[in-house]
Amino acid sequence: MEIGIIGAGAIGLLCAYQLKEKHDVTLYVRSKKQYELLKNHGIYYKVNEEKKARAIKVRYFTEWNGGDELTIVTVKQYQLAPIYEKMQLLGTKIKAICFLQNGMSHLEKIMDSKVANIMIGIVEHGAMKEDDQTVVHTGIGAIKLACVKGEMDEILISLTTATNHSFPLLYEPDYITMMQKKLVVNSIVNSLTSILHVQNGQLLQNSYYYQLTNLFMNEVLEILSIREADRKWYSDYCFEVIRNTALNKSSMLKDVEAGRQTEIDAILGYIIEEAKKKNIDAPFATAAYLMIKGKERGREEYIND
């Protein structure tokens, strides 16, 4: 299958390297420097101290016309505006598109587009971009995919059957539940680890952080209107992700440490807006949101000094 991947961050590089094994992959980038590196040397993939290389087709994002059988969008939530503009311009010329973003604030926008075939997915892998052409696979998980619009059966079959043990692609029938489960994880794990500056596992291993994690989770589950009978299922999923990534730093903590913009608006911003709509208090979400926005503002003020 012809697959285009927009975005060459950690997840984009990981997807491009892994999918290239069985598909015809083109990676779309913005930076001339990254374009030249990938064109001339390919992608470097590191796992367990082993380093491999794989050649990849690379083009500039401006050349993307939606003609690939599937386009996978791996940029951050706050980088989606140019994608939306292209979607409006190209409309039905885009054959099929899949979004792999944290949070749920993009769902309404993509559903309202003229693109006929749309998937969304969640990424459970740990990955870190070492440089513009190197991705470190820090934790093997899965990418779960669900159709939200159109007919995607053939694409889903092609993706989920042509897979390998270190990069499973799994079909999920209920995209709302899939996204809500990941949103709970992102809301709690990303924000708390970024504020506390700890690896994921500390949220369970430190008894005080564990209490905080549970209190925060109860608030988020209430805001999302998760039934009492289903709450243990959500919390068990969150704790499983934390245990499986215990030695990892969350993506948001990495962004904070590197002085980059975070996805807090797409994650806790969404939770806070939902709380307002339902007239529910959100003290933990609001406090965490303000602290992380304060870190971003502090970075901006430091840069501007």
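Above this text is the structure in question.
Being a predicted model, the structure only gives us computed values, none of them experimental.

(A) Inspection of the overall build of the chain at higher detail. Secondary structure summary: the chain contains 12 helices and 12 strands in total. Its C-alpha atoms give the chain a radius of gyration of 19 Å, near enough to 19 Å, the size a compact globule of 305 residues would have. Dimensions of the chain, computed from C-alpha atoms along their principal axes, come out at roughly 50 × 45 × 40 Å. In the chain, which comprises 305 residues, the proportion classed as buried is 53%. Summarising the internal contacts of the chain: among those between residues at least 6 apart in sequence, 71% fall at separations of at least 24. Looking at the chain as shown, the accessible area adds up to about 14,600 Å², and 49% of this sits on carbon and sulfur atoms.

(B) The pairing of strand β6 (residues 70-73), seen in detail. Here β6 shows two buried faces, one formed by Leu70 and Ile72 and the other by Thr71 and Val73. Pairing of strand β1 (residues 2-6) with β6, which is carried by four bridges, proceeds in the parallel orientation. If you follow glycine 4 over to β6, its bridge partner there is threonine 71. Across three bridges, the pairing between β6 and strand β7 (residues 97-99) is parallel.

(C) Spotlight on helix α11 (residues 264-277). The end-to-end C-alpha distance of α11, which contains 14 residues, comes to 19 Å, matching closely the 20 Å that a straight helix rising 1.5 Å per residue would cover. Burial analysis of α11 places 10 of its 14 residues in the buried class, which makes it a mostly covered element. By the burial criterion, the buried members of α11 are Ile264, Ala266, Ile267, Leu268, Gly269, Tyr270, Ile271, Ile272, Glu274 and Ala275. A positive backbone phi angle near 55° is found at asparagine 279, which sits one or two residues after α11.

(D) Layout of the pattern of salt bridges. One pass over the full model with this rule turns up 16 salt bridges. For lysine 276, the salt bridge identified is with glutamate 273, shortest N-O distance 3.7 Å. In this pair, lysine 276 and glutamate 273 are both assigned in helix α11, three residues apart and thus about one turn of the helix distant. Exposure remark for lysine 276: the relative accessible area of 58% places this residue in the exposed category. Residues joined in a network through salt bridges with shared partners are Lys76, Asp255, Arg260 and Glu263.

Definitions and cut-offs
Once a new chain begins, its residue numbering starts again from 1 and follows that chain's sequence as written. Only residues with pLDDT of at least 70 are given local features in this predicted model, and only at 80 or more are side-chain atom pairs given and counted; all residues enter the totals for whole chains, interfaces and linings. With hydrogens and water excluded, all non-hydrogen atoms of the structure serve as input to the side-chain values. Note on conventions: DSSP H or I runs of at least 4 residues are helices, E runs of at least 2 residues are strands, and numbering of each starts at the N terminus. Within these notes, the globule rule equals 2.2 Å times the number of residues to the 0.38 power, and the radius of gyration is based on C-alpha atoms. A 1.4 Å probe rolled over the protein chains alone gives each residue an accessible area, and that area as a share of the maximum for its type sets the label: buried under 20%, exposed over 50%, partly exposed in between. Any pair of residues with heavy atoms lying within 4.5 Å of one another is described as a contacting pair. Reported accessibility uses the Shrake-Rupley method at a 1.4 Å probe radius. Residues are deemed covered only where the shown protein chains occlude them. Between any two strands, pairing holds if DSSP finds at least two bridges. One less than the residue count of a helix, multiplied by 1.5 Å, gives the span that helix is expected to have. Note on definitions: salt bridges are taken to be side-chain nitrogens of Lys or Arg within 4 Å of carboxyl oxygens of Asp or Glu.

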